[in-house]
Amino acid sequence: MRRAFRYFLVSILSIILTLVAVGVIYIVADTHNRIQVKTGKSYTSEEVKALIEEAKEEGIDQGKISVLANLKGSLEDGSSVIAVLKSFYPDYIVVAANNRYNFVEIDDSLAKNEYKVENLSVDETTGRYSYSDGQTVSRFGIDVSSHQGDIDWEAVAADGVEFVFVRALYRGYGTGKLMVDEKCVENIEGAQAAGLDVGVYVFSQAINEAEVVEEAATVLNILDGYELQLPVVFDVEKVAAKDARTNILSVDERTNLTKVFLNTIEGAGYDTMIYHNTEMGAMLLDLSQLTDYKKWFAGYNQEFYWPYEFDLWQYTESGHVNGIEGSVDMDIWLKP
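Summarised in this report is the structure supplied together with it. The model shown is predicted, which means the values in this text are computed figures rather than measured ones. (Residues numbered from 1 in each chain as written. Predicted model: local features only at pLDDT ≥ 70, side-chain atom pairs only at ≥ 80, totals over all residues. Heavy atoms only, no water.)

1. Looking at the overall build of the protein chain
Then, in step 1: Within the protein chain one finds 9 helices and 14 strands.
Then, in step 2: Scored against the burial criterion, the 336 residues of the protein chain give a buried share of 49%.
Then, in step 3: For the protein chain, the share of sequence-separated contacts (at least 6 apart) that also reach a separation of at least 24 residues comes to 67%.
Then, in step 4: For the protein chain, the exposed surface amounts to about 15,800 Å²; the carbon and sulfur share of it is 48%. (Helix = DSSP H or I, 4+ residues; strand = E, 2+ residues; numbered from the N terminus. Buried < 20%, exposed > 50% of the residue type's maximum accessible area, 1.4 Å probe, protein only. Contact = heavy atoms within 4.5 Å. Areas by Shrake-Rupley, 256 points an atom, 1.4 Å probe, with all protein chains shown as cover.)

Given below as structure tokens:
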């Protein structure tokens, strides 16, 4: 799945700005009475500079300069700003987006996952993930679209792939034109013939109910006569382009459109799922209204940072399997 968005690349920050950004948060962590991160608050680099200067004024007599020195050492050893922020604020989801660090308080009302990183294994040769906790053994899968070209599904199956999600259709983020993936039917039939479990996903850029109903009706028409083993997924993504048509949507509007699509698909007898990444789940959807649906989480770090329940994890977009030329998204199914 070609992701139209990327997290803000904090690694391009200079070491000076990095020290400023992390230094102030470290001081905050040790001196909560002086500076507090507010729920939903994000900070520009100018605001961060002002905060660190204030913290320095109040904390210099207590040896806080040593904190900055320690941070400099850890950052030079390869730690990132976002990694340090995550460790400082376990009660928040820290999102690097829109050139800001955003702090979203974890919702205690939402069910949490119980995945533990010590149960995660990474194959040194292939880079493939697997998870086993004594009760659950993960399944290995991929997701594909016409970007992967012609696929040798027998070779894919022989390489250990157990399931696949096939792109069924997509909508242009600028034009709004709805298109059927030219390889959709071929990929469904080829994967099932090779013994793989199959689901499909719809890359939506709908901005109103009429468009999202059109997406649901179109995918149902494609699936007529086919039996799926896995859900129909609503892939709601933020596109990085400033002129992306979905930029106008509020959280409530995007959430309501998601529900309309999923309810329409479920009404036709199919299982459903929502695909999202950290920014979408924390800032652009109201997950408290979407608790009845399975989740497919996209996160490319070797960690279980996302706190809420999810069934499926897309952990890389640069995997490789036999039978596919070039890179492919890799996933593991974590639920029994």
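2. Topic: the pattern of salt bridges
Close approach of charged atoms allows side chains of opposite charge to pair.
Then, in step 1: Scanning the entire structure with this criterion turns up 13 salt bridges.
Then, in step 2: The salt bridge involving D159 is made with R128; its shortest N-O contact spans 2.5 Å. With D159 in the loop between α5 (153–158) and β7 (163–171) and R128 in the loop between β4 (120–122) and β5 (129–131), this pair connects stretches of sequence that are 31 residues apart.
Then, in step 3: Three or more residues are tied together by salt bridges with common partners; here these are R139, E162 and D197. (Salt bridge = Lys/Arg side-chain N within 4 Å of Asp/Glu carboxyl O.)

3. A short note on helix α7 (residues 209–223)
Then, in step 1: With 15 residues, α7 should cover 21 Å at 1.5 Å per step; its first-to-last C-alpha distance of 21 Å lies within 8% of that length.
Then, in step 2: Where the residues of α7 are buried, they touch β7, β8 (178–180), α6 (184–193), β9 (197–204), β10 (232–236) and α8 (251–267).
Then, in step 3: For α7, the side-chain oxygen to backbone nitrogen distance between the N-cap and A210 is 3.2 Å, and the N-cap itself is N208.
Then, in step 4: Phi turns positive, to about 95 degrees, at G225, one or two residues after α7. (Expected span 1.5 Å × (residues − 1). Polar contact = N/O pair within 3.5 Å; in protein donor to acceptor, adjacent residues only side chain to side chain.)

4. A short note on helix α4 (residues 81–88)
Then, in step 1: Of all 8 residues making up α4, 6 are buried, and the element is well covered by its neighbours.
Then, in step 2: Among all positions of α4, only V81, I82, V84, L85, K86 and F88 are buried.

5. Topic: empty space enclosed by the protein
Then, in step 1: With the rule as written, the count across this model stands at 4 cavities of 30 Å³ or more.
Then, in step 2: Space inside the largest cavity adds up to approximately 80 Å³.
Then, in step 3: Residue lining of the largest cavity: S204, Q205, A206, V212, F234, V236, E237, T246, L249, R254, L257 and T258, and that is the complete set.
Then, in step 4: At 3 residues, α8 tops the list of elements feeding residues into the lining of the largest cavity. (1 Å grid on protein atoms, 1.4 Å probe; cavity = no way out; pocket = protein on both sides within 12 Å on 5 of 7 lines; lining within 4 Å. Points joined across faces, edges and corners; volume = space filled by probe spheres on them.)

6. Here's the deal with the packing of aromatic side chains
Then, in step 1: By the definition in use, this model includes 21 aromatic pairs.
Then, in step 2: Their ring planes at 5 degrees and their centres at 6.4 Å tell us that F165 and W333 sit as a pair that is stacked. Here F165, found in strand β7, pairs with W333, found in strand β14 (residues 328–333); they are 168 residues apart in sequence, far enough to count as distant.
Then, in step 3: Under the relative-accessibility criterion, W333 is labelled buried at 10%.
Then, in step 4: Look at W313 and Y315: their rings are 6.0 Å apart centre to centre, the planes differ by 65 degrees, and that puts the pair in the edge-to-face class.
Then, in step 5: By relative accessible area, which is 3% here, Y315 ends up buried.
Then, in step 6: Members of the aromatic cluster, each reached through a chain of ring pairs, are Y115, Y129, Y131, F297, F304, W306, Y308, F310, W313 and Y315.
Then, in step 7: Of note, K86 hangs over the ring of Y305, and the distance from its end group to the ring centre comes to 4.4 Å. (Phe/Tyr/Trp six-rings, centres within 6.5 Å; stacked < 30°, edge-to-face > 60°. Lys NZ or Arg CZ within 6 Å of the ring centre and 35° of its normal.)

7. Some points on the nonpolar core
Then, in step 1: Residues I142, W153, V219, F261 and W313 are the most contacted members of the largest nonpolar core, which totals 66 residues.
Then, in step 2: Here W313 is in contact with L120, Y129, W296, F297, G299, N301, E303, F304, M330, D331, I332 and L334, once residues within four sequence places are set aside. (Core = buried A, V, L, I, M, F, W, Y, C linked by side-chain atoms within 4.5 Å.)

8. Brief notes about the environment of T258
Then, in step 1: By secondary structure assignment, the location of T258 is in helix α8.
Then, in step 2: Along the sequence, T258 and L285 sit 27 residues apart, while their C-alpha atoms lie 8.9 Å from each other.
Then, in step 3: In this structure T258 touches F234, V236, I274, L285 and L290, once residues within four positions along its chain are discounted.

9. Quick look at the environment of T278
Then, in step 1: Along the polypeptide, T278 turns up in helix α9 (residues 278–284).
Then, in step 2: When its relative accessible area of 9% is taken as the criterion, T278 is described as buried.
Then, in step 3: Considering only alpha carbons, one finds T278 and I93, 185 residues apart in sequence, at a separation of 8.3 Å.

10. Let's talk about unusual backbone geometry
Then, in step 1: If you check the backbone angles, N98 has positive phi at about 60 degrees while not being a glycine.
Then, in step 2: Within the fold, N98 resides in the loop between β2 (92–97) and β3 (100–105).
Then, in step 3: Even without being glycine, N99 reaches a positive phi, approximately 65 degrees.
Then, in step 4: Summarising the element assignment, N99 is placed in the loop between β2 and β3.

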